[in-house]
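Listed below, chain by chain, are the residues.
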Amino acid sequence: METIGILLAGGMSRRFGSPKAFACINDKFFYEHVRRALDAVCDHVVVVTREELVPLFSEELDVIIDLPSISGLGPLAGIYTAMTERPADQYLVLPCDMPFIGQKETAELIQLAEGTHDVTAVRTSEEYIPLFSIWNHRVKKDLKREVINKQLSVMKFLDKVETKWVHSELIHYDKTIFRNINTTD
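Residues numbered from 1 in each chain as written. Predicted model: local features only at pLDDT ≥ 70, side-chain atom pairs only at ≥ 80, totals over all residues. Heavy atoms only, no water.

Asker: Where do I start with the overall build of the chain in this structure?
Answerer: Of the regular secondary structure elements, the chain holds five helices and nine strands. When the helices and strands of the chain are read in sequence order from the N terminus, they spell out β-β-β-α-β-β-α-β-α-β-β-α-α-β. Whereas a compact globule of 185 residues would reach a radius of gyration of roughly 16 Å, the chain reaches 15 Å, a difference of no more than 12%. Within the chain, buried positions represent 51% of all 185 residues. Sequence separation of at least 24 residues holds for 69% of the intrachain contacts in the chain that already meet a minimum separation of 6. For the chain, the separation between the mean place of its 21 positive charges and that of its 27 negative charges on side chains is 5 Å. (Helix = DSSP H or I, 4+ residues; strand = E, 2+ residues; numbered from the N terminus. Rg over C-alpha atoms; globule rule 2.2 N^0.38 Å. Buried < 20%, exposed > 50% of the residue type's maximum accessible area, 1.4 Å probe, protein only. Contact = heavy atoms within 4.5 Å. Lys, Arg positive; Asp, Glu negative; His and termini not counted. Charge placed at Lys NZ, Arg CZ, Asp CG, Glu CD.)

What follows is the structure, given as structure tokens:
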């Protein structure tokens, strides 16, 4: 089963103040940490970003922007764009603002997904983490409809398809690695 990693790196980073993909932790950009985690388990990784950020990424990466008709419409648009531009059986989605997710965690999620659900996503006891998830290619048609109709809530979309929620403790005991970084604090 071919798996493509989707590295979401096109958000506006309003609360953060600068593009989160290029923030550093442990002497590496956030996106480099995420890419390494995806590379470990995916056949290919595609970075979905905004047009003005494309030149900032390494030329060796597969970097794309949203399809023109849905440009700037958030993570669902980025996922749909990647599905359209890079066909595969399934997609492992991880946003650039989750740099603490590593190779072990992506491998565990792949194992837990089983490939039978439309989407397999992670949750802790306190919150849902919908963008650390595996998406089956068969949701592409439903995803297209949502994005075209400007129904852009990831959680509302996941409520409409067959979503399996995996508890974070099955992937890693420390739930702090699942946090997404929205501020520089």
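Asker: Sorry if this is basic, but what is going on with helix H1 (residues 30-39) here?
Answerer: Along an α-helix, residues three or four apart share an orientation, since each turn contains 3.6 residues. Along H1, the positions that sit buried rather than exposed are Phe30, Tyr31, His33, Val34, Ala37 and Leu38. Around the axis of H1, the buried residues are gathered within 160 degrees of arc, so they sit on the same side. Buried-residue contacts for H1 involve strand E1 (3-9), strand E2 (24-25), strand E3 (28-29), strand E4 (44-49), strand E6 (90-95) and helix H3 (103-113). (Arc of directions from axis to C-beta.)

Asker: Help me understand the pattern of salt bridges, please; the structure alone is not making it clear to me.
Answerer: Side chains that differ in sign of charge can pair as their charged atoms come close. Under the counting rule described, the total for this entry stands at 10 salt bridges. A salt bridge links Asp39 to Arg35; the nearest nitrogen and oxygen atoms lie 3.4 Å apart. With Asp39 and Arg35 both in helix H1 and four residues apart, the pair spans about one turn of that helix. The partner of Arg138 in a salt bridge is Asp118, with the nearest N and O atoms 2.7 Å apart. Here Arg138 is found in the loop between strand E8 (128-136) and helix H4 (140-148), whereas its partner Asp118 is found in the loop between H3 and strand E7 (119-123), with 20 residues between them in sequence. Judged by its relative accessible area of 40%, Arg138 is partly exposed. For Asp118, a relative accessible area of 12% puts it in the buried group. Overlapping salt bridges, with partners in common, bring together Asp142, Arg145, Glu146 and Lys160 in one network. (Salt bridge = Lys/Arg side-chain N within 4 Å of Asp/Glu carboxyl O.)

Asker: Which parts of the structure should I look at to understand the side chain of Glu146?
Answerer: For Glu146, the location among the structural elements is in helix H4. With residues up to four places along the chain from it excluded, the contact list for Glu146 reads Gln151, Phe157 and Lys160.

Asker: Help me understand the pairing of E8, please; the structure alone is not making it clear to me.
Answerer: Taken residue by residue, a regular strand's side chains alternate between the two faces of the sheet. The buried fraction of E8 is high, at eight of nine residues. Here E6 runs beside E8; their pairing, made up of four bridges, is antiparallel. Its bridge partner lying in E8, Leu92 is registered against Ile134. As paired elements, E7 and E8 share five bridges and run antiparallel to each other. Its bridge partner being in E8, Ala121 is matched across the sheet by Ser133. Once E7 ends, the chain turns through four residues before running back antiparallel as E8. (Pairing = 2+ DSSP bridges.)

Asker: What exactly am I supposed to notice about the packing of aromatic side chains here?
Answerer: The geometry of two aromatic rings is summed up by the distance between their centres and the angle between their planes. A full pass over the atoms with the stated rule returns eight aromatic pairs. On the basis of an interplanar angle of 15 degrees and a centroid distance of 5.9 Å, the ring pair of Phe29 and Tyr31 is categorised as stacked. Ring-pair connections join several aromatic residues into one group, and the members of that group are Phe22, Phe29, Tyr31 and Phe57. Its guanidinium or amino end placed over the ring of Tyr128, Arg123 lies 4.6 Å from that ring's centre, counting from NZ or CZ. (Phe/Tyr/Trp six-rings, centres within 6.5 Å; stacked < 30°, edge-to-face > 60°. Lys NZ or Arg CZ within 6 Å of the ring centre and 35° of its normal.)

Asker: Mind showing me how you'd approach the side chain of Thr3 here?
Answerer: Its location among the elements puts Thr3 in strand E1. Given a relative accessible area of 4%, Thr3 falls into the buried group. One polar contact links Thr3 to Gln90, side chain to side chain, over a distance of 2.8 Å. Leave out the neighbours within four places in its chain, and Thr3 touches Val41, Cys42, Asp43, His44, Gln90, Leu92 and Ile110. (Polar contact = N/O pair within 3.5 Å; in protein donor to acceptor, adjacent residues only side chain to side chain.)

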